[in-house]
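# Notes for the structure review
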Amino acid sequence: MNIAPQSRSLRPVLALTLLVSLVPLCVTPILPLTDFYAHIARYYILAKLPDFDVLQENYEAAWQLLPNLGLDVLGTGVMKVLPPLLGAKLIAGLIIAAPFAGILYLSRVLHGHLPVLSVLLAGLVAYNHILIWGFSNFLLGLGVLLGATGYWIAAQNRPVRQLAVTACLGLILFFIHGLAFALWGLLLSMVELSLALSSGNTGPRVLIRRAARLALIAVAPALLFIQTKTAGGGVITPVTNLLAHAEQGTLWRRLGTEAYLRMDGILRVADSTWRNFDWGFGLVLWGLLIGGLLAGILQIDRRMKLAAAVCGVLVLLMPPNLFGVGHLSERIPLLMLALLAASLSLNPDAKPISRRAAVASIAGLLLVRNLMLTVGWYQDGKIYSAYLDALSRHDTRTLGAGVYIEDARDAWVFKPSCRPLSFLMIFNGTAVPTFANPSQQPLRITGALTHVQSTVQKIALEANHTLPAALNALSNVKADTIVTCSTESFPPQVQGFEILAATEPWILYQRITSK
């Protein structure tokens, strides 16, 4: 048995991969993740709501049956016992580690040992385009999805235990993220079909029995889902959006945009936040994987071939949003890369020099990507340190907001590092708009903050706003403190506001009130 020697020889690779994966987390007090701190703010609000009047005036807990509650429950508990920034780092570590661990477990089940290729590819998957967006529940769900798939395959010879345990895992996955549960069901179907084809037993009775066992796993989550408000989003939204664009004569333009976003999601799947670098990096990464398969240097486990093929189809066909969940088409390339990371191995019939070159190439990509990520996050960390220092020195009052004019005008100006800034005001005792849709999250915005939230949304959707116009609109709804980002060298003065602090690219404005 050669498993033990392989495990021993793999330990340095695993240790090095874990080390280079931890470094980016340690170089910045705040992680430059677009939506992540909006979720952290919600966990903090839910944890501290009974204790602070300003929170009670502007937020209301809305705990109910929802398919995306996983991190809300966990995150609220974390925020009760840890300082918010430390708690945020802990939660970030969890959503980075979950896909990494899921890949390793599924790979161990598929191959009987842990290939070095899977470890290195898991390191690449750990930091990804969806992490940069900050979609926390989906990333946790991805880790559980991969692990649950591995258990389903590992327990093939114990059908009763397989069904019982997997049904429990399915319920857990449903409450973590409904989309992850749906994708898992689709992948399990492909795994079962692959097993039936490889056994040569594909009669109607066999296929129906396999399908019925999978359906049993879905019964409870499906019944729960139709009772939730999330189900009201339905499949109508993407169809309605498409028809609306057609009526406005913008259908082809929208289709072109969708094609660009899908290509962007594929090439930036292992994101470093440097757009041009990521496009080149993606071309090399996918080129190595596809080229390695075509050249016979790499091989994919037979049980996962259909699942990987279905992911390829979904990359092209998945609607951009469904049941209130957005950026769907950008999540599928990550799922596909994760499945390949677990199921690829070196072909023993390939030349040794080719196999060594394949491993060295993936290892080099991992080190280069994480170096770029670390440099970028270190630079962002200096911005965040200055901002946190400004918050500690100033009273940001009752209501705050973030307004990013340049993002609305040009997507290429979009700065993920700016997005967390406004949500950090909540830790300073200032209410800010955050994700609080009761059909998606267990929180509702109330009171004066509802007007601030609607104004921020209008500004984000209208590209013709100037900074003074945006600040004045927020002043009219009594927003006290507003953070903006700008590429201008000197912060512009705006009548009716004073600048509390500024460090490129952020500016902290405060509304002047009569004493």
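All residue numbers refer to positions counted from 1 along the written sequence of the respective chain. Only residues with pLDDT of at least 70 get local features here, since the model is predicted, and only at 80 or more are side-chain atom pairs given and counted; chain-wide, interface and lining totals rely on the full set of residues. Only hydrogens and water are set aside; all other atoms, that is, all heavy atoms of the structure, feed into the side-chain values.

## Some details on the overall build of the chain
What counts as a helix is a DSSP run of H or I of at least four residues, what counts as a strand is a run of E of at least two, and both are numbered from the N terminus. The number of helices and strands found in the chain is 21 helices and eight strands. A compact globule built from 515 residues would reach a C-alpha radius of gyration of about 24 Å, and the chain, at 24 Å, matches this within 12%. Summarising its shape, the C-alpha atoms of the chain cover approximately 80 × 55 × 50 Å along the three principal directions. Remark: exposure states derive from per-residue accessible area (1.4 Å probe, protein chains only) relative to the maximum for the residue type, with buried under 20%, exposed over 50%, and partly exposed in between. A buried classification covers 52% of the 515 residues belonging to the chain. Just to be clear, the radius of gyration here is over C-alpha atoms, and the globule rule we use is 2.2 Å times residues to the power 0.38.

## Structural notes on unusual backbone geometry
Look at the link from Glu504 to Pro505: it is a cis peptide, with omega at 10°. Here Pro505 shows up in the loop between β7 (497–503) and β8 (506–511). Not every positive phi belongs to a glycine, and Thr273 is a case in point at roughly 75°. Mapped onto the elements, Thr273 comes out in the loop between α13 (251–267) and α14 (275–294). We classify Thr273 as partly exposed; its relative accessible area is 27%.

## Concerning the side chain of Ser107
Of note, Ser107 is situated in helix α5 (residues 84–111). Looking at Ser107, the relative accessible area reads 0%, which means it is buried. In what follows, a contact means two residues having at least one pair of non-hydrogen atoms within 4.5 Å. Once residues within four sequence positions are removed from consideration, Ser107 is found in contact with Gly112, His113, Leu114, Pro115, Ser118 and Ala342.

## Brief notes about the nonpolar core
Core analysis: the largest hydrophobic core is formed by 152 residues, its most contacted members being Tyr59, Leu285, Leu289, Leu474 and Trp506. Of all the elements, helix α17 (residues 352–393) adds the most residues to this core, at twelve residues. In contact with Leu285, not counting residues within four places along its chain, are Leu121, Leu124, Val269, Ala270, Leu337, Ile362 and Leu365. What makes a nonpolar core is a set of buried Ala, Val, Leu, Ile, Met, Phe, Trp, Tyr and Cys residues whose side-chain atoms join them at distances within 4.5 Å.

## Comments concerning the environment of Cys485
By the secondary structure assignment, Cys485 is in strand β6 (residues 481–485). Between the alpha carbons of Cys485 and Ala502 there is a distance of 9.6 Å; along the sequence they are 17 residues apart.

## Details of the side chain of Thr481
Mapped onto the elements of the fold, Thr481 is located in strand β6. Leaving out residues up to four positions away in the same chain, Thr481 has contacts with Thr396, Leu399, Gly400, Ala401, Met425, Leu500, Leu508, Tyr509 and Gln510.

## A look at the pairing of β8
Burial analysis of β8 places six of its six residues in the buried class, which makes it a mostly covered element. Neither face of β8 is exposed, since Trp506, Leu508 and Gln510 on one face and Ile507, Tyr509 and Arg511 on the opposite face are all buried. Pairs of strands are assigned from DSSP output, requiring at least two bridges between the strands. Relative to β8, β6 runs antiparallel, the two sharing five bridges. Within β8, the position partnered with Thr484 by the bridge is Ile507.

## What about the packing of α14 against α17?
The axes used here are C-alpha line fits, helices contributing only the stretch in contact, and every angle between their N-to-C directions lies in the interval 0 to 180 degrees. Contact pair α14 / α17: the axes reach a minimum separation of 11 Å and the direction vectors enclose 165°. It follows that α14 is roughly antiparallel to α17 by the angle criterion. For the pair α14 and α17, the crossing hand works out as left-handed. Of α17, the residues touching α14 (which contributes Phe277, Phe281, Val284, Leu285, Leu288 and Leu289) are Ser361, Ile362, Leu365, Val368, Arg369 and Met372. Taken together, the residues of the contact of α14 with α17 sort by class into ten nonpolar, one polar and one charged. Convention used here: angles under 35 degrees read as roughly parallel, angles over 145 as roughly antiparallel, angles from 65 to 115 as roughly perpendicular, and any remaining angle as oblique. Crossing chirality is assigned from the near helix's rotation relative to the far helix, an anticlockwise turn below a right angle marking it left-handed and a clockwise turn marking it right-handed. For this classification, Asp, Glu, Lys and Arg are treated as charged, while Ala, Val, Leu, Ile, Met, Phe, Trp, Tyr, Cys and Pro are nonpolar and the rest, including Gly, are polar.

## Let's talk about α5
An ideal rise of 1.5 Å per residue puts 40 Å on 28 residues; α5 measures up with 41 Å between its terminal C-alpha atoms. Fitting axes to the seven residues ending at a residue and to the seven starting there, one defines the bend at that residue as the angle between these axes. Along α5, the sharpest change in direction is near 30° and occurs at Ala97; proline Pro99 comes one to four residues later. Gly112 lies just past α5 and shows a positive phi near 80°. Here the expected span of a helix is defined as 1.5 Å times the quantity of residues minus one.

## Digging into the confidence of the model for the chain
pLDDT expresses how confident the predictor is about each individual residue, on a scale running from 0 to 100. Of all residues in the chain, 90% have pLDDT values of 70 or greater, and the mean over the chain is 89. Every residue in residues 1–5 is under pLDDT 50, and counting partners more than four places away or in other chains gives three contacts. Between residues 234–245, whose pLDDT stays under 50, and residues either more than four places distant or in other chains, the model counts 14 contacts.

## Remarks on the pattern of salt bridges
We define a salt bridge as a contact between a side-chain nitrogen of Lys or Arg and a carboxyl oxygen of Asp or Glu at a distance within 4 Å. Under the counting rule described, the total for this entry stands at nine salt bridges. Between Asp389 and Arg393 there is a salt bridge, with its nearest N and O atoms 3.0 Å apart. One end of the pair is Asp389 and the other is Arg393, both in helix α17 and four residues apart, which spans about a single turn. By relative accessible area, Asp389 is classed as partly exposed at 37%. Overlapping salt bridges bring together Asp264, Arg268, Asp271 and Arg275 as one network.

## Overview of the packing of helix α8 (residues 136–154) against helix α10 (residues 178–199)
Any two packed helices are characterised by how steeply their axes cross, that is the angle between the axes, and by the distance between the axes. At their nearest, the axes of α8 and α10 sit 9 Å apart, and the two run at 25° to each other. Overall, the two elements α8 and α10 adopt an arrangement that is roughly parallel. Both α8 and α10 take part in a crossing whose hand is right-handed. On α10, the residues that touch Phe138, Gly141, Leu145, Ala148, Thr149, Trp152 and Ile153 of α8 are Leu179, Ala180, Leu183, Trp184, Leu187, Leu188, Val191 and Glu192.

## Concerning the sheet that holds β8
Spatially, β4-β6-β8-β7 is the arrangement adopted by the four strands of the open sheet, whose pairing is mixed. Of all strands in the sheet, those bounded by a partner on one side alone are β4 (400–403) and β7. Taking the axes of each pair of neighbouring strands and ignoring which way they run, one obtains an average angle of 20° across the sheet.

## A closer look at the pairing of β4
Burial of the side chains of β4 extends over both faces: Gly400 and Gly402 are buried on one face and Ala401 and Val403 on the other. Sheet analysis places β4 next to β6, joined by four bridges and oriented parallel. Within β6, the position partnered with Ala401 by the bridge is Ile482.

## What about a nonpolar patch on the surface?
Like-charged residues are merged into a patch within 9 Å and nonpolar side chains (Val, Leu, Ile, Met, Phe, Trp, Tyr) within 5 Å, provided each residue has over 30% relative accessible area and no salt bridge. Each accessible area is a Shrake-Rupley result for a 1.4 Å probe, and residues are judged covered by the shown protein chains and nothing else. On the surface, Leu216, Val219, Leu223 and Ile226 cluster together to form a nonpolar patch covering roughly 400 Å² of accessible area. Among the secondary structure elements, Leu223 is positioned in helix α11 (residues 204–225).

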